[in-house]
Structures are given as C-alpha cells and as structure tokens.
Amino acid sequence: MPEPHRIDFASNSAAFAGGVKSAWLSVFAYVLFGTYVGIGALAYDFSFSLAWVTWSTLLVWAGPAQVILISTLGGGAKLIEVAIAVGLSGVRLLPMVVSLMPLLRGPQTRTWQLLLPAHFTAVSMWVESMRLTPLMPVERRIPFCNGLACGYMMAAIIGTVAGYYLAARLPTLLTAALLFLTPMSFLVSITRNSSLLVDRLALLLGLVIGPILAYREVELDVMWAGIAGGTIAYIGHRIRESLR
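Below you will find a few notes about this structure. Since the structure is predicted, the reported quantities are computational estimates derived from the model, not experimental observations.

On to a nonpolar patch on the surface, then. On the surface, Leu201, Leu204, Val208 and Ile212 cluster together into a nonpolar patch covering about 350 Å² of accessible area. The residue Val208 is located in helix 11 (residues 197-215) in this model.

Scanning all chains against the criterion turns up 1 salt bridge. Put simply, Glu128 and Arg131 hold a salt bridge, and the shortest N to O gap is 2.7 Å. Placement of the pair is Glu128 and Arg131 together in helix 8 (residues 123-132), with a separation of 3 residues, close to one helical turn. Assessed through its relative accessible area of 4%, Glu128 is described here as buried.

Before going further, it helps to examine the packing of aromatic side chains. Applying the stated criterion across every chain yields a total of 7 aromatic pairs. On the basis of an interplanar angle of 70° and a centroid distance of 5.9 Å, the ring pair of Trp24 and Tyr30 is categorised as edge-to-face. Look at Trp24 and you get partly exposed, because its relative accessible area is 27%. Their ring planes at 15° and their centres at 4.1 Å tell us that Phe48 and Trp52 sit as a pair that is stacked. Residue Phe48 is classed as buried on the basis of its relative accessible area of 14%. Relative accessible area serves as the criterion here: at 28%, Trp52 is assigned to the partly exposed category. A connected cluster of aromatic rings, assembled from ring pairs, spans Tyr44, Tyr164 and Tyr165.

This part covers helix 12 (residues 221-242). The end-to-end C-alpha separation of helix 12 is 31 Å, in line with the 32 Å expected for 22 residues at 1.5 Å each. If you check which residues of helix 12 are buried, you get Ala225, Gly229 and Ala233. For helix 12, the angular spread of buried residues about the axis comes to 45°, placing them on one side. In helix 12, the exposed positions angled more than 90 degrees off the buried face are occupied by Arg238 and Ser242.

What counts and what doesn't
Residues numbered from 1 in each chain as written. Predicted model: local features only at pLDDT ≥ 70, side-chain atom pairs only at ≥ 80, totals over all residues. Heavy atoms only, no water. Patch = residues over 30% accessible without salt bridge, like charges linked within 9 Å, V, L, I, M, F, W, Y side chains within 5 Å. Areas by Shrake-Rupley, 256 points an atom, 1.4 Å probe, with all protein chains shown as cover. Salt bridge = Lys/Arg side-chain N within 4 Å of Asp/Glu carboxyl O. Helix = DSSP H or I, 4+ residues; strand = E, 2+ residues; numbered from the N terminus. Buried < 20%, exposed > 50% of the residue type's maximum accessible area, 1.4 Å probe, protein only. Phe/Tyr/Trp six-rings, centres within 6.5 Å; stacked < 30°, edge-to-face > 60°. Expected span 1.5 Å × (residues − 1). Arc of directions from axis to C-beta.

Printed below as a string of structure tokens:
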C-alpha cells in the first residue's frame, strides 16, 4: 500500500487558506449548505429573525442542536429546558474533541490556542481533520483546522440565509429531506474512513444498537449506541489480538 502524500505549508496563513480550500473541495461543504437551507427555513417558520438564526449558526455550530434550539424555543419551552436539551445533544461531540485535541497539540501549543478548534469541532470538521492533519507538521495543524471549520461555516451561513429567504417557497417535505442530508453524509464518510476491522465492527454495531435504543425510547440513544458499539468492538479487537 503506497505511503500517504505528506502535506506541508509555508506559513500558518497558508495552512489556514489550505483548510478553507479543503473544506470547499469536500462534499461536506455542500451537504452543510443543503442542511442549513433547511435550518434557515425552519427558523423563518418559527418567526425568528435572520440575524438571530445566523448568530445561532455561528455560536451553536451543530445542526441537530440548532434544530432543537429553534423548535423548542419556537414551541414555547422554558429556557432551562431548552438549555438542557441543547447541552445534552452536544454530549456526542465530546469524544470527537477528546480524540482530536492531542493531534493538534504540539510542544509549544498553549491551551488557549485549542479553544477555537474545540468550539469548531463538529462531525464534518472532525472527519476531515482526523484524515488530513496526521499528514502535516504539528505546528500547522491548528491553523489548518481553523481554516477547514471556517470554510464549512461559510457554507452553513450561506445556506442559512438562502433557506431563510426561500422558506415560503420550500415544501415541508423538501426541508425535512435537506436536514436528513447531514447524517447520511456523515455515515458515508465514516464508512469510507474506516480502514481497520475494529472501526468497521464498531460502526456496524452502532448501526444495529442505535435503532434498538431509539425504538425503546432510551434517552441519549446515539451516545449510548456509540459507547456500547465502540466498547464491544474494542474488546473483540483485544481478544483477537491476544489469540494471534
């Protein structure tokens, strides 16, 4: 199997620009655009202003959490209930942050430099960062990830604005279909990047366990499916290695 091509940049600015370019060369940018067209239309339907939904895209930066935020606030839920629901939906991103930050941290890296990449960590950015950052010098990884995330965020904001103004013309079924683009693209990308047997087994177990937990109405079903599937796959991998 050929060695992966190394990536290098002359400066941090070049690394940031390279991240933005990589974002727009990735299918995720266009999937995010379509998804946030749906989110912009949803915000319009609940009578939120364009400025409000644009700021929520920047600050929340998680499509499912934003859908929860808009629908619960629009439905008249109490602020504490909304905060808990949005916070719990973000729990799924914690393992991604934990796995990505060690890749970005170098000998000279300070904690404050990791705050922006930690905020930017979403499934799209995480998948591409885990694939690309090991191929570049550690000192270029943070600006590259920031550029990558900014590229994706640009696509999301453009989609939000477009969806907000197109809301009156978008059928409800199309809006729902656009929101469904994101999880499907994540599934395809994670499948593509699963090169080891343990990765594929964890993915398969998650796909089996997740619907069962959802059917049983277990709280935090996605998180528990990931923990259970990943743990079982890891134990199976360790047993297999010990028997070799």
